[in-house]
Amino acid sequence: MEVIILGTSEAVPTAKRSQLAMLLKYKNENILVDCGEGTQRQFKIAGLSPLKITRILISHWHGDHVLGLPGLLQTFALNNYSKTLKIYGPRGTKKFAKLLLKTFVFKEKVKTEIHEIDKDGEIIDAKDFYIEAFRMKHSIPCLAYKFVEKDRRKININATRKFGLKQGPLLGELQQGKNIVFKGKKIKSKDVTYVVRGRKIAFIIDTLFNKNCIKAAKNVDLLISESTFLESTHFDKAKERGHMTAKQAATIAKKARVKRLLLTHLSQRYARNPKPILDEAKKVFKNTQLAEDLMRIKL
Ligand SMILES: [Zn+2]
Ligand SMILES: [Zn+2]
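Thresholds, definitions, all that
Residues numbered from 1 in each chain as written. Chains lettered and ligands numbered in written order. Predicted model: local features only at pLDDT ≥ 70, side-chain atom pairs only at ≥ 80, totals over all residues. Heavy atoms only, no water. Helix = DSSP H or I, 4+ residues; strand = E, 2+ residues; numbered from the N terminus. Buried < 20%, exposed > 50% of the residue type's maximum accessible area, 1.4 Å probe, protein only. Contact = heavy atoms within 4.5 Å. Pairing = 2+ DSSP bridges. Axes fitted to C-alpha atoms, helices over the stretch in contact; angles between N-to-C directions. Disulfide = S-S within 2.5 Å. Donors = N, O, S within 2.8 Å, 3.2 Å for Na, K, Ca; no water. Tetrahedral: all angles 85-135°; square planar, octahedral: opposite > 155°, others 65-115°.

Asks: Residue-level account of the side chain of Thr-207, with values.
Replies: The topology assignment puts Thr-207 in the loop between β14 (200–204) and α8 (211–217). Accessibility expressed as a relative area gives 0% for Thr-207, which makes it buried. Dropping the residues within four chain positions of it, Thr-207 is found in contact with Met-136, Lys-137, His-138, Cys-213, Glu-226, Gly-242, His-243 and Met-244.

What follows is the structure, given as structure tokens:
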């Protein structure tokens, strides 16, 4: 599992930071989270193919999170993207996506499936993972997303060997958590298997600090959170613009007991020196890093 950070800037791109976009690679899935202006170019620079995208999760329809969509869809159309592109987003997504597909001339060529989400909860349930959405507090409908890899039960081979059980369908049953009878002896699944905990990632983008942030981030291995301003100098500005401060992002990480925090969506005022953002967050939550464009995180 890998997350590739494609863009990290708030509102406008800077010389070093493209507008927001992140790619989550997991098995056959390539899930794009937001698609700011310049996302396609970031794919190229990162040596990735946008045609492998399977789903797009949109946090909200402010330009800096979706301006890259028309270009991306055009590339799909030009290259006969043959999958059905699944797009997820908050209230209004169907309307906005339809307008976008109508404005440009690629409508017939890209098959899309658009999911509009207006409540908290599970939005995707796949074989090995699920994704939940959480409503945020921003000037327009906005969602945070949590990717959860399902726990897997594995066979402890040394333990099953003790029973003389080496292969066959009974092992599969044990792996499903079922107890079995083998050569007249009962074998309990819990005695010969162990659980590998799934990995979790949360994306919290464009919001005021709110309770749902803690729910979305609960126990994740990696929290990627917006951190637009410094609390020490721009607390009021953050509030007025519907954004969080570095201290608030770190507070979420602490309260939700996350393992690692990555700060993104930095205001351009920190383009030259983002260090105060990092310092402020670290006072509250130590394992914090600043997101940089093209950073890759393996989990
Ligand atoms: Zn934004
Ligand atoms: Zn916004």
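Asks: I'd like a rundown of the sheet that holds strand β15 (residues 222–226), residues and numbers included.
Replies: Read from one edge of the open sheet, seven strands run β7-β8-β9-β14-β15-β16-β17, paired in mixed fashion. Strand pairing shows two members of the sheet lacking a second neighbour, β7 (121–125) and β17 (288–290), which therefore form its edges. Within the sheet, the average angular offset between the axes of one strand and its neighbour, ignoring direction, is 20 degrees. Here four bridges tie strand β9 (residues 143–149) to β14, and the two strands are oriented antiparallel to one another. Residue pairing across strands places Tyr-145 opposite Phe-203, the latter belonging to β14. Sheet contacts for helix α10 (residues 246–255): β14, β15 and β16 (261–264); angle to β15, the most-contacted strand, approximately 155 degrees. Across the face of the sheet, helix α11 (residues 275–284) comes into contact with β16 and β17 while running at roughly 165 degrees to β17.

Asks: Explain the state of the cysteines residue by residue, including any values.
Replies: Per the stated rule, a full pass over the model turns up zero disulfides. There is no disulfide at Cys-213, and the cysteine sulfur nearest it, in Cys-142, is 9.5 Å away.

Asks: Any details on the coordination of the zinc ion (ligand 1)? Residues and values, ideally.
Replies: The expected angle between donors at a tetrahedral four-coordinate metal is 109.5 degrees. At an octahedral six-coordinate metal it is 90 or 180 degrees. Coordination of the zinc ion (ligand 1) by the protein involves Asp-64 (OD), His-65 (NE2), Asp-206 (OD) and His-265 (NE2), with metal-donor separations of 2.1 to 2.4 Å. Considering all four donor atoms around the zinc ion (ligand 1), angles at the metal cover 86 to 160 degrees and the coordination shape is irregular. For the zinc ion (ligand 1), all donor residues lie on one chain, and their spacing in sequence is D-H-x140-D-x58-H. A spacing of 3.6 Å is found between the zinc ion (ligand 1) and the zinc ion (ligand 2), which share Asp-206 as a donor. Placement of the pair is His-65 in helix α2 (residues 63–66) and His-265 in the loop between β16 and α11, with a sequence separation of 200 residues. Both residues of the pair, His-65 and His-265, belong to the buried class.

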